[in-house]
Amino acid sequence: FMPVLEETGLIVPVGQWVLNAVCEQIKAWESAGIQPVPVAVNLSARQFTSKDLGETIKRTLEEHQIDPGLIELEITESSLMVNTEEAVRTLEYLSGLGVSLSIDDFGTGYSSLSYLKRFPLDSLKIDRSFIRDVTTDGDDATITRAVISMAHSLGLKVVAEGVENERQLSFLTEYGCDQIQGYFFTRPLPADDCGVWLREMRRLQQVSPGHPMDTPVILLVNNDGAALTDLRQSLTKDGYRIFVAYNAHEAFEQLGTQRVDMVIADQNMPGMSGTELLEHIKALFPDTVRIITSAYTDFGVMADAASRAGAARFIPRSASEEELRGEVRLALQSRSRMAPSLAA
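Residues numbered from 1 in each chain as written. Predicted model: local features only at pLDDT ≥ 70, side-chain atom pairs only at ≥ 80, totals over all residues. Heavy atoms only, no water.

**Student:** Is there a simple way to think about a negative patch on the surface in this case?
**Tutor:** Taken together, Asp52, Glu55, Glu62 and Glu63 make up a surface patch of like negative charges. Topologically, Asp52 is positioned in the loop between helix H3 (45-48) and helix H4 (53-64). The class of Asp52 is partly exposed, set by a relative accessible area of 44%. (Patch = residues over 30% accessible without salt bridge, like charges linked within 9 Å, V, L, I, M, F, W, Y side chains within 5 Å. Areas by Shrake-Rupley, 256 points an atom, 1.4 Å probe, with all protein chains shown as cover. Salt bridge = Lys/Arg side-chain N within 4 Å of Asp/Glu carboxyl O. Lys, Arg positive; Asp, Glu negative; His and termini not counted. Charge placed at Lys NZ, Arg CZ, Asp CG, Glu CD. Helix = DSSP H or I, 4+ residues; strand = E, 2+ residues; numbered from the N terminus. Buried < 20%, exposed > 50% of the residue type's maximum accessible area, 1.4 Å probe, protein only.)

Listed below in structure tokens is the structure:
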């Protein structure tokens, strides 16, 4: 029914009803002794271009005696770009009222970065279409990291929409996303149930690591069980935390749920070669050190493969335990992205 409301213009009175309902709910929580939190209210394109928008919102807040800081207005980026000069004036007025301002569904419209810096915004929301595959799609991961970095450089908070699993949350936490919205925390709740959550101050619990955070974490990826066992036994001697995966799918599962400092992948795996896997990891987790191993001993060919994957090292399977441990230690120490080297 939303398109119908937009087409008929009924979205404006409905939007006003929503704002009134939010204000009434905030006052109800306060009367019940519940400390309210800011509530986000979407503004439609028609509402945002309405000439009396600012005065209407000001009057509504005054009528309900609501702290403006408890209201966040969300505007789509396409709405802001219809008439940018008018949008700047409207946003400045709303910001002067004390409400928070956020761009909704960022990345799906056509906003200009030169105008973005002029808007008096407080936060932006990364659209769920980028978050859905953020731990498996290199482009989505790159865009998400770039948006977080850009927003923070402009002094804006970042909210990720559509967070539905722990892997997405871990990725977003790793790259400094400020807030999340999505089913991983909760599905939409009736106001009474939401009040219970506010009273109990429910939070997502961060899992405390079982090992010191400075202990390097290494993920071994190889479909050869015997080779995995040998690698694990050798590297465990140096005190690393070791995880294993038998294919690329399992590797992405591990990478999405925990911090990984290094991935050592075998070149000869079914479905996705070690080179291809490390290329994906390079895009998704650029700070993770990458090493490729192989029984193939043509150093020139393997060095080229390692270079394509941005691998720090190529270590042949024929390398001794001492050579293996030494190369891993050097790679972790350098954390460089220099051209791959060859183990002796």
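Now that the structure has been shown, we can carry on.
**Student:** What should I look at first to understand the pairing of strand S9 (residues 262-266) in this one?
**Tutor:** Within a regular strand, the side chains alternate between the two sheet faces. Burial analysis of S9 places five of its five residues in the buried class, which makes it a mostly covered element. Here S9 shows no split at all, with Met262, Ile264 and Asp266 on one side and Val263 and Ala265 on the other all buried. Two elements, strand S7 (residues 217-221) and S9, share four bridges in a ladder whose sense is parallel. Its bridge partner being in S9, Val221 is matched across the sheet by Ala265. Bridge count between S9 and strand S10 (residues 289-294): five bridges; the pairing is parallel. Looking at the pairing, Met262 lines up with Val289 of S10. In the classification by handedness, the crossover that spans S9, the intervening helix H14 (residues 274-284) and the parallel S10 is right-handed. (Pairing = 2+ DSSP bridges. Right-handed = clockwise from strand over helix to strand, strands pointing away.)

**Student:** How should the side chain of Asp261 be read in this particular structure?
**Tutor:** Relative to the assigned elements, Asp261 resides in the loop between helix H13 (248-257) and S9. A relative accessible area of 9% places Asp261 in the buried class. At a separation of 2.7 Å, a polar atom in the side chain of Asp261 contacts the main-chain amide nitrogen of Val217. (Polar contact = N/O pair within 3.5 Å; in protein donor to acceptor, adjacent residues only side chain to side chain.)

**Student:** I keep staring at the sheet that holds strand S2 (residues 71-76) and nothing clicks. Help me out?
**Tutor:** Sheets are built from strands paired through backbone hydrogen bonds, the pairs being either parallel or antiparallel. Spatially, S1-S2-S3-S4-S5-S6 is the arrangement adopted by the six strands of the open sheet, whose pairing is parallel. Either end of the sheet is taken by a strand with one partner, and the two such strands are strand S1 (39-43) and strand S6 (179-181). Here the average twist between neighbouring strands, direction ignored, is 30 degrees. Examined bridge by bridge, S1 and S2 share five bridges and lie parallel to one another. Its bridge partner lying in S2, Leu43 is registered against Ile75. (Axes fitted to C-alpha atoms, helices over the stretch in contact; angles between N-to-C directions.)

**Student:** Whenever I open this one, the side chain of Asp266 confuses me. Can you help?
**Tutor:** Positionally, Asp266 belongs in strand S9. On the accessibility criterion, Asp266 (2% relative accessible area) is buried. A polar contact of 3.2 Å, which involves the side chain of Asp266, links it to the side chain of Arg317. Excluding its chain neighbours within four sequence positions, the residues that come into contact with Asp266 are Val221, Asn222, Gly274, Thr293, Ser294 and Arg317. (Contact = heavy atoms within 4.5 Å.)

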